[in-house]
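# Observations on the three-dimensional arrangement
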Amino acid sequence: MTTSEIATTSNDTFEPKIIAFCCNWCSYAGADLAGVSRLQMPTNFLVIRAMCSARVDPEHVLRAFSKGADGVLVLGCHPADCHYIGGNYRTRRRIALLKMLLEQYGLDPDRLHLEWVSASEGTRFQATIKEFTEKMRSLGPSPLRDAGTDKARESAGY
């Protein structure tokens, strides 16, 4: 039995692993506002702070999937509000290309999502996390999840 089957059968519900790359100036502050406001949201996501959404390299996204993430969110400032002028425009183009690449690798492009969340939108951050978690639950475990654990076992000598 694989680890994803064990996780699914033990709880009867699959809990996805989600990585959320957040822009330091807007989305990270929105996540903080959601937490300070005690907004209820799933706890199965990990926030990684980036200075700008444009600093999220495609390699970071691909590595997250290869290490077992079921979904990846990239959250940035609203268009025209980027502290680095045009960073979010570059991000939008990059995510579109990454979605095509994921499809070529056999992953559902819906496992990668881009959203604009400002510092004052804690409720939008909460809604984004909830909706994305539900979408990942409906898609099920990533096909790369077991491959990542097998590679980790091999490199550890098991």
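A few points on the structure.

The rules behind these values
- Residues numbered from 1 in each chain as written.
- Predicted model: local features only at pLDDT ≥ 70, side-chain atom pairs only at ≥ 80, totals over all residues.
- Heavy atoms only, no water.
- Salt bridge = Lys/Arg side-chain N within 4 Å of Asp/Glu carboxyl O.
- Helix = DSSP H or I, 4+ residues; strand = E, 2+ residues; numbered from the N terminus.
- Buried < 20%, exposed > 50% of the residue type's maximum accessible area, 1.4 Å probe, protein only.
- Contact = heavy atoms within 4.5 Å.
- Polar contact = N/O pair within 3.5 Å; in protein donor to acceptor, adjacent residues only side chain to side chain.
- Expected span 1.5 Å × (residues − 1).
- Arc of directions from axis to C-beta.

### Observations concerning the pattern of salt bridges
Once the charged atoms of two side chains with opposite charge are near each other, the side chains can pair. Under the defined criterion, the tally for this structure stands at five salt bridges. Note that Glu15 and Arg137 form a salt bridge whose closest N and O atoms lie 2.9 Å from each other. Of the two residues, Glu15 sits in the loop between α1 (3–11) and β1 (18–23) while Arg137 sits in helix α5 (residues 122–139), which places them 122 residues apart along the sequence. The partly exposed category is assigned to Glu15, whose relative accessible area is 35%. A salt bridge links Glu134 to Arg137, with the shortest nitrogen-to-oxygen separation between them at 2.4 Å. Of this pair, Glu134 and Arg137 both sit in helix α5, separated by three residues, roughly a single helical turn. When its relative accessible area of 27% is taken as the criterion, Arg137 is described as partly exposed. Salt bridges linked by common partners bring Glu15, Glu134 and Arg137 together as one network.

### Some details on the environment of Ser27
Mapped onto the elements of the fold, Ser27 is located in helix α2 (residues 27–36). Considering only alpha carbons, one finds Ser27 and Ser53, 26 residues apart in sequence, at a separation of 9.1 Å. Once residues within four sequence positions are removed from consideration, Ser27 is found in contact with Cys22, Leu75, Gly76, Cys77, Val117 and Phe125. Among the polar contacts listed, one links the side chain of Ser27 to the backbone oxygen of Leu75, at a separation of 3.2 Å. A polar atom in the side chain of Ser27 sits 3.1 Å from the backbone nitrogen of Gly76.

### Quick notes on helix α4 (residues 87–104)
Relative to the 26 Å expected for 18 residues at 1.5 Å per residue, α4 spans 26 Å between its end C-alpha atoms, a close match to the ideal helical length. Burial in α4 covers these residues: Gly87, Asn88, Thr91, Ile95, Leu98 and Leu102. End-on, the buried residues of α4 take up no more than an arc of 75 degrees, which puts them together on one face. Residues Arg93, Leu97, Glu103 and Gln104 are exposed on α4 and point more than 90 degrees away from its buried face. For α4, the secondary structure elements touched by its buried residues are α3 (58–66), β3 (71–76) and β4 (112–116). Gly106 sits one or two positions beyond α4 and adopts a positive phi of about 90 degrees.

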